[in-house]
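Residues per chain are reported as follows:
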Amino acid sequence: MLNLFAPPRAKSASGLSKLRDTISFLLPSEAILIDLLTDSGTSAMSTEQWAAMMRGDESYAGSPSFARFRDSIQAIFGFRHVIPTHQGRAAERILFNVMCKKGDIVPSNTHFDTTRANCEFVGAQALDLPISEAKQPSQIHPFKGNMDTAQLAQVIEREGAKKIPLVMLTVTNNSGGGQPVSMANIRDVKQICKKHGIPLYIDACRFAENSYFIKLRESGYAGKSPREIARELFSYADGCTMSAKKDGLANIGGFLCTNDDSLAQQEKDLLILTEGFPTYGGLAGRDLEAIAVGLNEALEEDYLHYRIASTAFLGNHIAAEGVPIVQPPGGHAIYLDARAFLPHIPPAQFPGVALANELYLEGGIRSVEIGTLMFGEHARMDLVRLAIPRRVYTQSHIEYVVEVILDVWRRRDAIPGYDVVHQAPFLRHFSARLKPRSSRP
């Protein structure tokens, strides 16, 4: 392919080796042509959001910006207590520190990286219970993000409800390929939780996209708006965590919600210790304003239609050429099946890392591995996520991404596996260093 965009392919053998030794997170952003590392905090804010930021009140306590932030969230999510945090992982840390203890079990459809890490940091077990279809990337299922409710019931019966402080559903299921969760599944999970007196929490990062998938794919919801669907979705939950850097369309921020007065007080006490006063939670007033507007914009049907269609455009075009992806295409990202893409590289040699590196070397595209490096022994698949920032790239950009993926696909047999040189004890994929093997296994 004639590359008119001049990707940063190294000119020398030593330069190429140095780039191969660097994982996606360690690359400087100015060396990236198309950045699909994450959709978290990378969205382009609207004129309405920028206008709202101009009235941000930076009072340390009792800011009217917090009131607008809280009111916007309660109008959509419906929870009694709204606790701002600087981003989603702060909400997770507070939630698990307050609700969990060593030896507890937290079932989920699939925990994402920071959720799992914060859960395990307090000594609890983060247990993934996806449906069987979710473990087969090529299989078509409208709601592959669903939790296996039979397994959930079995775990509760086996371990006892006292050992399970909460159940968590991630919508959409990021680690499972950006796949949505059905309303029927949410109701079924809630019914099981209610029977045993266990709170149900929603990891709500991409709640708007999940609501739109319900509208498109689930019987009885075609005539409902995404906002109406979201309100029903959260009505089955006892609380939620949220990174507003996704479907809040903001560059920073998040929140923790609950209907439990006692829990809310404990969570606010911990918030004051580590994040800030409960009316700002580590955020500037202008950030609270941007989130208040962004949450509503994320539920606009025209926006969601374009968002889902543009992601599917990428997935369908490369799949038509034989590139293995998680089917059907998700809402915020396309996930390449690295094990099927590079069958000669075993999981222990990180096929996801190998594929992500080649996309950068070929065309300056940054992506991220979601597999053995990220989840270790918990990895069921080795995927490469191409997360599309909201309101940033045009169809021409996506067409370029298609061409780069196809170029790598054509020379896939020559791509080597990797070995770890350095890793951190937690969330190693953020800072690990690896080196390519000299030859194929």
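For the structure, see preceding data.
Residues numbered from 1 in each chain as written. Predicted model: local features only at pLDDT ≥ 70, side-chain atom pairs only at ≥ 80, totals over all residues. Heavy atoms only, no water.

A. How the structure looks around the packing of aromatic side chains. If you walk through the whole model with that rule in mind, you get 10 aromatic pairs. Taking 6.0 Å as the distance between ring centres and 85° as the angle between the ring planes, the aromatic pair formed by Phe69 and Phe255 counts as edge-to-face. Note that Phe69 is positioned in helix H3 (residues 64-77) and Phe255 in strand S8 (residues 254-258), a separation of 186 residues in sequence. For Phe255, a relative accessible area of 0% corresponds to the buried category. Pairing Phe77 with Phe207 gives two aromatic rings, centres 4.9 Å apart and planes at 55°, and the pair type is tilted. Linking Phe77 in helix H3 with Phe207 in helix H8 (residues 207-217), this pair joins segments that are 130 residues apart in sequence. With respect to class, Phe77 is no different from Phe207; both count as buried. An aromatic cluster is built from Phe66, Phe69, Phe77, Phe79, Phe207, Phe234 and Phe255, whose rings are joined through pairwise contacts. A cation over an aromatic ring shows up here: Arg412 above the ring of Trp409, its NZ or CZ 3.6 Å from the ring centre. (Phe/Tyr/Trp six-rings, centres within 6.5 Å; stacked < 30°, edge-to-face > 60°. Helix = DSSP H or I, 4+ residues; strand = E, 2+ residues; numbered from the N terminus. Buried < 20%, exposed > 50% of the residue type's maximum accessible area, 1.4 Å probe, protein only. Lys NZ or Arg CZ within 6 Å of the ring centre and 35° of its normal.)

B. A look at a nonpolar patch on the surface. A cluster of nonpolar side chains, namely Tyr60, Ile272 and Phe277, defines an oily patch on the protein surface of about 310 Å² accessible area. Looking at where Ile272 falls in the secondary structure, it is placed in helix H10 (residues 261-274). Residue classification places Ile272 among the partly exposed residues on the basis of a relative accessible area of 45%. (Patch = residues over 30% accessible without salt bridge, like charges linked within 9 Å, V, L, I, M, F, W, Y side chains within 5 Å. Areas by Shrake-Rupley, 256 points an atom, 1.4 Å probe, with all protein chains shown as cover. Salt bridge = Lys/Arg side-chain N within 4 Å of Asp/Glu carboxyl O.)

C. Spatial organisation of the nonpolar core. One finds Phe77, Phe207 and Phe234 to be the most contacted residues of the largest nonpolar core, which totals 57 residues. Sequence-distant contacts of Phe207, defined by excluding residues within four places in its chain, comprise Ile76, Phe77, Val171, Ala230, Phe234, Met242, Asp247, Leu295 and Leu299. Ranked by size, the runner-up nonpolar core spans 37 residues in total, among them Ile345, Leu355, Val401 and Trp409. (Core = buried A, V, L, I, M, F, W, Y, C linked by side-chain atoms within 4.5 Å. Contact = heavy atoms within 4.5 Å.)

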